[in-house]
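Inside the fold
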Amino acid sequence: MSPRLLFRSVVAVALLAATLPAAAARFEVQAGRSYSNSHGANTAFVEAVFAPQPLGRTRFSWSPDLSLGWIDGRHVATDDSRYTNRDSVALLAAGARFHFGEAGDWYQPLFFSEQLAVTNHATHALSSHYQFVSTLGWQAKHFSVALRHVSNGGLHRPNTGETMALVGVAFDL
C-alpha cells in the first residue's frame, strides 16, 4: 500500500470519527505481544468503540468499532524469499463489536468483534494488504483484555496470520 493511500485512509477515518463525537462512547489503548510462526513481536492498538445499538429484538447489541494498530517486525527466516517479517506493519480497521445480555448481566462485558483492515506492508504473516481482524475479549469500565487474530482468511498465500494477547486501558467520552 502506498503511503499516499494509507494517509488518505487515515484522514477519511479521522473525518468520520470527527462527525460522530456524540456517539463516541469509549477509547481504548491496548498493548501486548503478537505471535506468528512461534516468534513474538510487540504490538499496540488504539480503538474507538461507539455507542451500542440493539440488534433487532435479540439480547445482542453491536457497536461500530475503529482500530489503528501496529505490529513490530521480527527477524525470522522463512522459506519464501518474497515475504519476510522484518517490516513493522501498521493497520487501519473498521467493523463491529458484539455483546450479549443486558448491562447488569455478569457476561455482558464479554465481547466479540469482527473488522476489515488495510495494512501498509505485506509480510510473511500478513501476505496481502487486506485483512480480517477477529477479537474475543472482556471489558471493564477502564480496563480490557483480548485475544486478537489478524489474517487474510486464506485469500492469499502464505497465510500464517498474527495472533496476539492484548491488555488495555479505556477512557469514556
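All values reported here derive from a predicted model rather than from experimental measurement. (Residues numbered from 1 in each chain as written. Predicted model: local features only at pLDDT ≥ 70, side-chain atom pairs only at ≥ 80, totals over all residues. Heavy atoms only, no water.)

Some points on the packing of aromatic side chains
In this structure the tally under the stated criterion is four aromatic pairs. Each ring, one from F100 and one from Y107, has its centre 5.8 Å from the other, and the planes form 25 degrees; the classification is stacked. Y107 gets classed as partly exposed once you look at its relative accessible area, which sits at 22%. Between W138 and F143, the ring centres sit 6.4 Å apart and the planes meet at 65 degrees, which makes this aromatic pair edge-to-face. Its relative accessible area of 36% is what places F143 among the partly exposed residues. Of the aromatic side chains, those joined through ring pairs into one cluster are F60, F100, W106 and Y107. Over the aromatic face of F100 sits the side chain of R59, whose NZ or CZ is 5.1 Å from the ring centroid. The ring of F111 carries R97 above its face, with NZ or CZ at 3.8 Å from the centroid. (Phe/Tyr/Trp six-rings, centres within 6.5 Å; stacked < 30°, edge-to-face > 60°. Buried < 20%, exposed > 50% of the residue type's maximum accessible area, 1.4 Å probe, protein only. Lys NZ or Arg CZ within 6 Å of the ring centre and 35° of its normal.)

Quick word on the nonpolar core
Across soluble globular proteins, nonpolar side chains show a tendency to be buried alongside one another. Listed in full, the twelve residues of the largest apolar core are F45, I71, V89, L91, A93, A117, A125, L126, V133, V150, M164 and L166. Where this core is concerned, the elements lending two or more residues are β5 (89-100) and β9 (162-172). Contact partners of L166, with chain neighbours within four places excluded, come to Q30, A31, G32, T43, F45, S144, V145, A146 and R148. (Core = buried A, V, L, I, M, F, W, Y, C linked by side-chain atoms within 4.5 Å. Helix = DSSP H or I, 4+ residues; strand = E, 2+ residues; numbered from the N terminus. Contact = heavy atoms within 4.5 Å.)

Re the environment of Q108
Position of Q108 relative to the elements: it lies in the loop between β5 and β6 (110-119). Remark: the alpha-carbon pair of Q108 and F98, spanning ten residues in sequence, is separated by 9.7 Å. Apart from residues no more than four positions distant in its own chain, Q108 is found in contact with S61, H99, F100, G101, E102 and A103.

Comments concerning the pattern of salt bridges
Tallied over the entire structure, the rule returns seven salt bridges. Residues R26 and E28 are paired through a salt bridge, measuring 2.6 Å at the closest nitrogen-oxygen approach. Given the relative accessible area of 7%, R26 is considered buried. For E47, the salt bridge identified is with R148, shortest N-O distance 2.9 Å. (Salt bridge = Lys/Arg side-chain N within 4 Å of Asp/Glu carboxyl O.)

Regarding a nonpolar patch on the surface
A surface patch of nonpolar side chains, about 630 Å² in accessible area, is lined by F27, V29, V46, L68, V169, F171 and L173. By the secondary structure assignment, F27 is in strand β1 (residues 24-36). (Patch = residues over 30% accessible without salt bridge, like charges linked within 9 Å, V, L, I, M, F, W, Y side chains within 5 Å. Areas by Shrake-Rupley, 256 points an atom, 1.4 Å probe, with all protein chains shown as cover.)

The analysis is restricted to geometry; functional conclusions fall outside its scope.
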